[in-house]
Amino acid sequence: MLKDNTLTYISLFSSAGVGCYGFKKAGFECIATNEIIERRLKVQQFNKKCRFESGYICDDITLDETKSKVFAEMKRWEKLGNDRVDVLIATPPCQGMSVANHKKADNEIIRNSLVVESISIIKQVKPRFFIFENVAAFMKTGCTAPDGTIKAIGTVISEELSKDYTFADRILNFKNYGSNSSRTRTVVIGVSKELSEYISPIELYPSYRSETTLREVIGNMPALDWGEICESDFYHAFRTYPEDMRCWIHDLKEGQGAFDNEDPLKRPHKVVDGKIVPNKQKNGDKYTRQYWDKVGPCIHTRNDQLASQNTVHPVEDRVFSIRELMKLMTIPDDFRWVDKSLDELNALTPIAKKRLLKQEEIKIRQSIGEAVPTTIFNQIALNIKSFLSLGHPSTAEVNRIIETTKLENVVVLKNFIKDNPLKLGGATLARIAELTNSKRENNSAYYTNKFIINEMYKRWPDFEKDEVFILEPSVGVGNFLPFLYRKYEYVKKLHIDVCDIDENNIEILKLLVEKYGLPKNVELNYICDDFLLHDMNKKYDLVVGNPPFTKLKASDAKKYLENNVNKDTTNISEFFLEKAMRISDNVDLIMPKAILNTPEFSVTRDMLSKVRVACIQDYGENGFKGVLVETVSLLVMPNEAPSKTIVESMTLGIENTVKQSYIMDDTYPYWIIYRDDFFDAVSEKLQFNVFTVFRDRQITNSNTNQERTPTSIRVLKSRNISDDGTKVLDINGYDSYMEMDVAKSLSAYRYVGNDEVYLTPNMTYKPRVMRNKDNVIVNGSIAVLIPKNEMELSEYQMKYFSTDEYRKFYQIARNYQTRSLNVDACSVFFYGVLKENKDYARCEKLAIAK
């Protein structure tokens with residue numbers, strides 16, 4: 001972005017620049033455009049796409065020299081004040097991917113690796129946003145990854161870019177997004193992570209709209225006689241063909257093809273040695289007359305030929321004219337294909353016009369056939385421009401705004417949101433509303449990061465019906481709503497019930513809805529009540545949301561437990577989950593990650609294992625800004641049987657699809673969502689469930705000190721156990737002691753001097769085990785492992801707990817958690833002993849040893 005707020009972009013594989021002309025029309029400046037075919041790049045020059053001639057780069061982008069030219073243009077613009085490239089667009093060749101290409105070659109996977117070149121440049125350029133556009137199968141198509149292996153393009157994009165970008169990929173038929181012809185393509189939009197708190201890729205896509213008919217788009221175009229060039233529009237002309245072929249299409253009605261003619265002479269054929277040889281009908285849409293009152297067909301590169309796909313005019317004996325194709329592809333009338341204005345072209349003599357068309361027509365038609373409709377990129381450009389024109393302050397700046405404008409006052413806050421005097425983005429206004437909500441801590445009403453909702457969105461089910469009913473049971477200020485609007489934009493009637501216990505949230509949400517509007521197909525119903533007690537008198541297709549995680553007092557939880565299966569928990573989020581499962585066919589809720597493994601959720605896990613859990617997304621600690629809690633989302637289908645589960649880690653970049661029963665195997669005390677072959681191999685070596693555990697909760701800083709006295713006992717803590725578990729470390733300023741008379745009154749004292757128990761640090765992915773030591777008492781940072789049967793661990797066995805193998809296994813066993821790492825009654829199960837009794841691995845009952 002320049003100092004005057006002018007936005008910038010780079011375009012790769014830009015062809016004639018038809019699609020990215022939409023960025024120019026939106027006011028963006030093109031830093032550099034790369035295209036390997038000169039005649040196409042010339043078209044971009046005719047349209048004055050770049051400010052500087054050096055910005056037109058006609059070279060192979062795989063060459064370092066070519067990349068250097070792109071980077072040189074970036075440097076030039078940096079000197080003009082451009083702080084960063086705003087958008088990088090890449091539309092690499094798709095012959096190896098497209099279902100329309102019947103001549104796919106074996107080496108196309110290598111060609112598809114041009115996508116990887118684009119990814120590499122994105123990593124170097126670091127634009128605020130990136131866009132890929134390609135065929136529908138784009139994300140699943142193979143390419144040569146940077147490591148030399150063959151991977152799906154979607155996998156490579158995720159592996160290479162997900163650290164710095166949040167991205168979404170959608171398969172769109174452009175006819176429903178502003179284009180005037182049918183064209184099903186994949187559009188990938190990435191947003192740099194520092195912006196993804198304020199905007200999601202999903203919000204940048206073009207808006208859904210009803211398709212237009214061919215009659216609406218070109219029905220008013222003048223009819224053309226054979227070989228005629230319209231006097232008032234040079235581009236309203238068509239390429240003629242041998243006149244003896246005209247009878248093939250002359251008598252056809254809309255939707256009929258030449259191969260349907262009864263007369264063999266009117267069917268496509270050749271005459272060889274005086275004999276009629278019928279042409280082969282490879283595609284059913286060749287020589288086919290189009291319908292006036294249906295959407296325009298997909299435009300292909302050989303749109304000049306009758307024998308190509310869907311090229312025949314609905315009533316005239318010709319293919320579509322260039323101008324008609326431009327209208328179908330939403331290419332603006334002022335777009336130049338040659339270095340002359342339309343007035344100059346119209347002023348040419350008929351002979352000069354024909355000569356120029358003969359020279360340029362194939363180039364123009366091919367460029368149109370491989371283009372992105374201009375409106376598609378124009379809408380994305382305008383959405384990005386709108387977002388960047390608003391303020392998106394940091395949390396610290398937001399807090400200053402709240403303080404200086406006294407937004408803790410609800411009336412002041414509502415007026416601030418209504419007037420938006422600082423021209424803040426919608427996400428910032430919602431964030432302000434969350435931070436000023438005095439009840440948020442009581443209700444655990446924390447702002448839901450757009451990054452999370454973007455990932456949940458990708459897994460929400462599609463519905464093949466006209467009416468869909470959705471509930472958001474803890475709506476807050478409505479962060480899920482824009483995503484629901486986008487996901488179900490195709491539904492004729494989308495009924496969304498939004499519920500919240502806080503009346504201020506509902507009032508603020510109404511203000512935001514009034515400010516930003518509702519899609520035409522959406523009906524919003526507000527419910528200000530306690531979802532858990534409210535009578536939801538309908539069945540929903542989907543329940544989504546971020547329920548509160550509050551743990552209630554037993555007396556307060558009692559009113560919610562009556563219909564609950566799990567009576568062992570007081571966590572509100574669990575109550576939300578169970579009720580949602582009773583009233584909906586699909587449920588996707590954000591939950592504390594502890595639901596995967598802690599004892600209080602054992603009943604819940606058992607209940608979930610009996611129905612379909614379609615997806616588990618793990619967000620680690622990235623769920624709520626400033627709130628240190630690990631979260632997951634569970635996509636549950638309560639009325640379906642267990643099947644396969646998609647497991648995704650947004651922090652580790654893991655995505656696996658596994659049998660649900662595999663990760664919920666009741667061999668283990670809880671779900672192991674990252675279970676794999678390595679985990680299974682180690683499990684085979686170990687005997688589990690051999691210890692119980694004790695963890696102190698009484699020793700604190702208030703009853704310990706750092707001075708040793710004749711009457712004190714050492715308090716052993718986790719860092720005092722060496723990395724291999726072989727010795728006790730003395731750490732200056734860390735070691736602590738406790739008076740013996742105080743120690744004797746504590747539960748932990750029973751293990752003082754007991755050499756039949758073992759010690760292991762809590763809260764670590766570096767487990768190590770040592771035999772209990774004399775004259776020490778352990779605090780809660782160390783777990784005491786108590787053998788269920790009398791047994792003695794060998795030195796080797798204790799050292800095994802410190803090995804890389806066991807530590808890797810233990811991370812998987814703990815689901816890569818970072819917060820809930822206490823060795824508790826469930827997780828102690830995984831402190832297994834080696835089954836093999838080798839010289840160095842003795843693990844026998846003491847009775848036998850004696």
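Owing to the predicted nature of the structure, the values given are computational and were not obtained by experimental measurement.

A.B. asks: Would you explain the environment of Lys-266 in this entry?
C.D. replies: As for its placement among the helices and strands, Lys-266 is situated in the loop between helix H8 (246–250) and strand S10 (269–272). Among residues more than four places away in sequence, those in contact with Lys-266 are Cys-247, Trp-248, Asp-251, Ala-258 and Asn-261.

A.B. asks: What should I look at first to understand the packing of helix H14 (residues 410–419) against helix H19 (residues 503–516) in this one?
C.D. replies: In a packed pair of helices, the relevant descriptors are the angle between the two axes and the axis-to-axis distance. Where H14 contacts H19, the two axes come as close as 9 Å, and the packing angle between them is 15°. In terms of orientation, H14 and H19 fall into the roughly parallel class. The two elements H14 and H19 cross, and the hand of that crossing is right-handed. From H14, Val-410, Leu-413, Lys-414, Ile-417, Lys-418 and Asp-419 reach across to H19, where they touch Asn-504, Glu-507, Ile-508, Leu-511, Leu-512 and Lys-515. Grouping the amino acids of the contact of H14 with H19 by side-chain chemistry returns six nonpolar, one polar and five charged.

A.B. asks: Any chance you could explain the sheet that holds strand S13 (residues 493–500) here in plain terms?
C.D. replies: Two strands in a sheet stick together by hydrogen bonds in their backbones, pointing the same way (parallel) or opposite ways (antiparallel). The nine strands lie next to each other as S14-S13-S12-S15-S16-S18-S17-S19-S20, forming an open sheet whose pairing is mixed. Edge positions in the sheet fall to strand S14 (522–528) and strand S20 (654–659), since each of these pairs with one other strand and no more. Across this sheet, the average inter-strand angle for adjacent strands is 20°, counted without regard to direction. Here strand S12 (residues 467–472) pairs with strand S15 (residues 542–545) via two bridges, running parallel. Paired with Leu-471 across the strands is Val-543, a residue of S15. Set on the sheet, helix H17 (residues 450–457) makes contact with S15, strand S16 (587–592), strand S17 (612–620) and strand S18 (631–637); between it and S17 the angle comes to about 155°. Here helix H21 (residues 572–583) sits on the sheet in contact with S12, S15, S16 and S18, set at roughly 170° to S16.

A.B. asks: Could you clarify how one ought to interpret the sheet that holds strand S26 (residues 770–771) in this entry?
C.D. replies: The four strands are arranged S22-S28-S25-S26 in an open sheet whose pairing can be described as antiparallel. On the outer flanks of this sheet lie strand S22 (691–695) and S26, each paired with one strand and no other. Pairing between S22 and strand S28 (residues 782–787): five bridges, direction antiparallel. Opposite Thr-692, over in S28, you have Ile-786 as the bridge partner.

A.B. asks: Explain the packing of aromatic side chains here, please?
C.D. replies: In this description, an aromatic ring pair is defined by two values, namely the gap between the centres and the angle between the planes. Across all of its chains, the model carries 47 aromatic pairs by this definition. For the pair Tyr-668 and Phe-830, a centre-to-centre distance of 5.9 Å together with 20° between the ring planes defines the contact as stacked. On the criterion of sequence distance, the pair formed by Tyr-668 in the loop between helix H23 (660–663) and helix H24 (677–685) and Phe-830 in the loop between helix H27 (804–813) and strand S30 (833–834) is long-range, its members being 162 residues apart. The burial state of Tyr-668 is the same as that of Phe-830; both residues are buried. Ring centres of Tyr-806 and Phe-809 lie 5.7 Å apart, and the angle between their planes is 40°; on these two criteria the pair is classed as tilted.

A.B. asks: Any chance you could explain the pairing of strand S4 (residues 87–90) here in plain terms?
C.D. replies: Looking along a regular strand, one sees side chains alternate from face to face of the sheet. Burial along S4 is two-sided: the residues Val-87 and Ile-89 and Leu-88 and Ala-90 are all buried. Inspection of the sheet shows strand S1 (residues 8–12) paired to S4 by four bridges, in the parallel sense. Note that in S4 the partner of Leu-12 across the bridge is Ala-90. Across four bridges, S4 lies against strand S5 (residues 129–135) in parallel orientation. The partner of Leu-88 across the bridge, within S5, is Phe-130.

A.B. asks: Whenever I open this one, the side chain of Lys-593 confuses me. Can you help?
C.D. replies: By the secondary structure assignment, Lys-593 is in the loop between S16 and helix H22 (602–608). You can call Lys-593 buried: its relative accessible area is 1%. At 2.7 Å, the side chain of Lys-593 and the side chain of Asp-618 are in polar contact. Other than its neighbours up to four places away in sequence, Lys-593 contacts Asp-618, Glu-630, Thr-631, Val-632, Asn-815, Tyr-816 and Gln-817.

A.B. asks: Teacher, can you tell me more about helix H11 (residues 350–369) here?
C.D. replies: In an α-helix, one turn spans 3.6 residues; hence positions three or four apart end up facing the same way. For H11, which comprises 20 residues, the first-to-last C-alpha distance of 26 Å matches the rise-based estimate of 28 Å (1.5 Å per residue) to within 8%. Where H11 bends most, the angle comes to about 50°, and this point is Glu-360. Within the span of H11, buried status applies to Ala-352, Lys-353, Leu-356, Leu-357, Glu-360, Glu-361, Lys-363, Ile-364, Arg-365, Ser-367, Ile-368 and Gly-369. Among the structural elements, helix H2 (38–46), helix H9 (322–328) and helix H10 (342–346) are those in contact with the buried residues of H11.

Rules and cut-offs
Residues numbered from 1 in each chain as written. Predicted model: local features only at pLDDT ≥ 70, side-chain atom pairs only at ≥ 80, totals over all residues. Heavy atoms only, no water. Helix = DSSP H or I, 4+ residues; strand = E, 2+ residues; numbered from the N terminus. Contact = heavy atoms within 4.5 Å. Axes fitted to C-alpha atoms, helices over the stretch in contact; angles between N-to-C directions. Parallel < 35°, antiparallel > 145°, perpendicular 65-115°, else oblique. Left-handed = near helix turned anticlockwise from the far one by under 90°. Nonpolar A, V, L, I, M, F, W, Y, C, P; charged D, E, K, R; others polar. Pairing = 2+ DSSP bridges. Phe/Tyr/Trp six-rings, centres within 6.5 Å; stacked < 30°, edge-to-face > 60°. Buried < 20%, exposed > 50% of the residue type's maximum accessible area, 1.4 Å probe, protein only. Polar contact = N/O pair within 3.5 Å; in protein donor to acceptor, adjacent residues only side chain to side chain. Expected span 1.5 Å × (residues − 1). Bend = angle between axes of the 7 residues up to and from the residue.

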